[in-house]
Amino acid sequence: MNTLRKTPFLKKFVGDKEFYKKVMYVAVPIMLQNGITNFIGLLDNAMVGQLSTEVMSGVAIVNQLMMIYFLCIFGGCAGAGIYTAQYYGQGNQEGIQNTFRFKLWMLFILTTIAAGIFLIYGKDLIWLYLSGSPDGGDLALAQQAGWEYLKIILCSLVPFMLLQVYVSTLRECGETVVPMKAGICGVFVNLCFNYLLIYGKFGFPQLGVRGAALATLISRIVETSIVIVWTHKNKEKNPFIVGIYQTVGVPVHLAKAFFLKGLPLLINETLWSSGVATITQCYSMRGLNVVAGLNIANTINNVFNVVFIAMGDAVAIIVGQLLGAGKLKEARDTDNKIIAFSVAACVLISGLMILVSPIFPQIYNTNARAKQIATHFIIAQAVFLPQMAFLHACYFTLRSGGKTVITFLFDSVFMWLVSVPLAYFLIHHTGLYVIYVFACIQIADWIKCIVGFVLVKKGVWLQNIVQDAEKTKTTQDS
């Protein structure tokens, strides 16, 4: 075994005990937070799923639309976040403060725009997913349930916005445990109030779908409050927070750098998430049973996805800090090993998903056809899980080195030039079973796998962007 460990292949892709301890220190809290969040989301979804197929589908559609907003928020944080990780690697607290303030402005603008769009066009957007086959239930009832849910959920956008400013900054500075604990508290609050308000237990009103939305709002406020209070109470651990609100201004040259670096990421997240929503809308043309089945499958898929999502965060944080410290060779070696670990872990997880695929849909109060479609979707998602892990890690590798234009081309441009047209054509012009359409779209991503492999191997992402920004400022000052 010792001989095997010394082979070039294993040296390149397998780390030692200390390496995995370092990676897991960053990744495990994120996995736990996301895992518990998604598991409680699973229970939340199952509770709503006990009401009816129409209510479950309406809520699922709203959550699909909200995903666009969530990813826009993540994209709004991401550009400045690249700098935060590298500033932290340098020990530059003033730099971290500037990225924090920039995030506040960016996310406030995005939230205002999103709230306006949902208030004005919310009912029409929900109906886009219900304009296909009536197979599976009452489409008007599904729209009404979705609209009632959306109106209350909009109140949670402000606490969510603030939460992401704080949590993203803490994570980029290496603090992942506190956001995890706050997330755990939030999801348990959500679960408790779901039970109380959906079904009217212990004297609480029976509010159905509105109860589910109120539970989400309450839990979001609790989670945000915990993170903000802890951050300001622990100034010695978070020196960037000292005097953070003495000004909300950001130096022009830095604001410009953050904006230009982050703009491709923001556009990318917006286009990518809207692309996913468009593909889902294509699937929905096959009927309400497909909407319900896909919702069930996505719920369990989100629980298993936490591994490769956390590994992407580990790449962004650990590799970003190494790049900021100028340790380019170590950054490349670390990146290779994290990618290999993520893919290997997801091979094992895909097997677990296949095992639960016929069991999980049975907990929902829906018809047999929707359950069958859900089982098939879960199996298909499991088969392509290692591929998704590889692509996710490649994306965050390129992003950690500030290659935001490349990630834009790699992600959302491909989505709209290849994936969306393919989904539209196969749904509207063929009779292919919806699962085979899903598989064809995933197979098309093999092109991205090849491109991602080449770009990561060539090392185009190996650069210290903080140092480059400071050089630019010095040149301008001269």
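Worth saying up front: this structure is predicted, and the values here are computed from it rather than measured.

Chemist: Would you explain the overall build of the chain in this entry?
Modeler: Within the chain, the secondary structure is distributed over 19 helices and zero strands. A compact globule built from 478 residues would reach a C-alpha radius of gyration of about 23 Å, and the chain, at 22 Å, matches this within 12%. Burial analysis of the chain (478 residues in total) assigns 56% to the buried set. For the chain, the proportion of contacts with a sequence separation of at least 24, taken over those separated by at least 6, is 83%. When the accessible surface of the chain is totalled, it reaches about 20,100 Å², and 68% of it is carbon and sulfur.

Chemist: Just to check I follow, could you spell out helix 5 (residues 93-128) for this structure?
Modeler: Every α-helical turn comprises 3.6 residues, leaving residues that sit three or four positions apart pointing alike. When the local axis directions of helix 5 are compared, the greatest deviation, roughly 75°, occurs at Tyr121. Near the N-terminus of helix 5, the side chain that reaches the backbone nitrogen of Glu94, with its oxygen 3.3 Å away, is that of Asn92.

Chemist: How should I be thinking about the packing of helix 5 against helix 6 (residues 139-153) in this particular structure?
Modeler: Running from amino to carboxyl end, helix 5 crosses helix 6 at an angle of 150°, the nearest separation of the two axes being 9 Å. In terms of their interaxial angle, helix 5 and helix 6 are classed as roughly antiparallel. As helix 5 packs across helix 6, the resulting crossing turns out to be right-handed. For the pair helix 5 and helix 6, contact is made by Phe118, Leu119, Gly122, Lys123, Ile126 and Trp127 and by Leu139, Ala140, Gln143, Gln144, Gly146, Trp147 and Leu150, respectively. A breakdown of the residues in the contact of helix 5 with helix 6 according to their chemical character gives eight nonpolar, four polar and one charged.

Chemist: When you look at the pattern of salt bridges in this model, what are you seeing that I'm missing?
Modeler: Under the defined criterion, the tally for this structure stands at two salt bridges. Between Glu172 and Lys103 there is a salt bridge, and its shortest N-O distance comes to 2.8 Å. You can see Glu172 sitting in helix 7 (residues 157-172) and its partner Lys103 sitting in helix 5, a full 69 residues away along the chain. Comparing Glu172 with Lys103, the two get one shared label, buried. For Asp333, the salt bridge is made with Lys337, and the minimal N-O distance between the two is 2.5 Å. Taken as a pair, Asp333 and Lys337 lie in helix 13 (residues 328-356) at a separation of four residues, close to a single helical turn. Note on Asp333: relative accessible area 34%, which makes it partly exposed. A relative accessible area of 5% means that Lys337 is categorised as buried.

Chemist: Even after reading the chapter, I still don't get the nonpolar core, so can you show me in this structure?
Modeler: Where a protein is soluble and globular, its nonpolar side chains tend to be buried together. In this structure, Val23, Ile279, Tyr283, Phe377, Val434 and Trp461 are the most contacted members of the largest nonpolar core, which totals 77 residues. Counting 66 residues, the second largest nonpolar core, distinct from the first, contains Met66, Ile73, Cys77 and Ala182.

Chemist: I keep staring at a nonpolar patch on the surface and nothing clicks. Help me out?
Modeler: Where nonpolar side chains cluster on the molecular surface, the patch consists of Phe108, Ile109, Ile113, Ile117, Leu119, Ile120 and Tyr121 and spans about 730 Å² of accessible area. Counting through the fold element by element, Ile117 comes out in helix 5. Accessibility expressed as a relative area gives 40% for Ile117, which makes it partly exposed.

Chemist: How should I be thinking about the packing of aromatic side chains in this particular structure?
Modeler: We describe a pair of aromatic rings using the distance from one ring centre to the other and the angle between the two ring planes. Tallied over the entire structure, the rule returns 18 aromatic pairs. When the ring of Phe74 is compared with that of Phe160, the centres are 6.2 Å apart and the planes differ by 55°; the resulting orientation is tilted. Of this pair, Phe74 sits in helix 4 (residues 53-90) while Phe160 sits in helix 7, and the two are 86 residues apart along the sequence. What makes Phe74 partly exposed here is its relative accessible area of 34%.

Chemist: Quick question: what am I supposed to make of the confidence of the model for the chain here?
Modeler: The predicted structure's coordinates, where accompanied by low pLDDT, should not be read in detail. Averaged over all residues, the pLDDT of the chain equals 83, while 90% of them reach at least 70. Here helix 1 (residues 2-5) stands out as the least confident element of the chain, with mean pLDDT 46; helix 17 (residues 434-444) is the most confident, with 95.

Chemist: Can you walk me through the environment of Met311 in this structure?
Modeler: Note that Met311 resides in helix 12 (residues 306-324). If we ignore the near neighbours within four places in the chain, the residues touching Met311 are Val23, Met24, Ala27, Met31, Ile338, Phe341 and Ser342.

Chemist: Explain unusual backbone geometry here, please?
Modeler: Across residues other than glycine, the phi torsion is negative in most instances, and most of the peptide bonds are trans. Although it is not a glycine, Phe202 adopts a positive phi angle of roughly 55°. In this structure Phe202 comes out as exposed when scored by relative accessible area, which is 72%.

Definitions and limits used
- Residues numbered from 1 in each chain as written.
- Predicted model: local features only at pLDDT ≥ 70, side-chain atom pairs only at ≥ 80, totals over all residues.
- Heavy atoms only, no water.
- Helix = DSSP H or I, 4+ residues; strand = E, 2+ residues; numbered from the N terminus.
- Rg over C-alpha atoms; globule rule 2.2 N^0.38 Å.
- Buried < 20%, exposed > 50% of the residue type's maximum accessible area, 1.4 Å probe, protein only.
- Contact = heavy atoms within 4.5 Å.
- Areas by Shrake-Rupley, 256 points an atom, 1.4 Å probe, with all protein chains shown as cover.
- Bend = angle between axes of the 7 residues up to and from the residue.
- Polar contact = N/O pair within 3.5 Å; in protein donor to acceptor, adjacent residues only side chain to side chain.
- Axes fitted to C-alpha atoms, helices over the stretch in contact; angles between N-to-C directions.
- Parallel < 35°, antiparallel > 145°, perpendicular 65-115°, else oblique.
- Left-handed = near helix turned anticlockwise from the far one by under 90°.
- Nonpolar A, V, L, I, M, F, W, Y, C, P; charged D, E, K, R; others polar.
- Salt bridge = Lys/Arg side-chain N within 4 Å of Asp/Glu carboxyl O.
- Core = buried A, V, L, I, M, F, W, Y, C linked by side-chain atoms within 4.5 Å.
- Patch = residues over 30% accessible without salt bridge, like charges linked within 9 Å, V, L, I, M, F, W, Y side chains within 5 Å.
- Phe/Tyr/Trp six-rings, centres within 6.5 Å; stacked < 30°, edge-to-face > 60°.
- pLDDT = per-residue confidence, 0-100.

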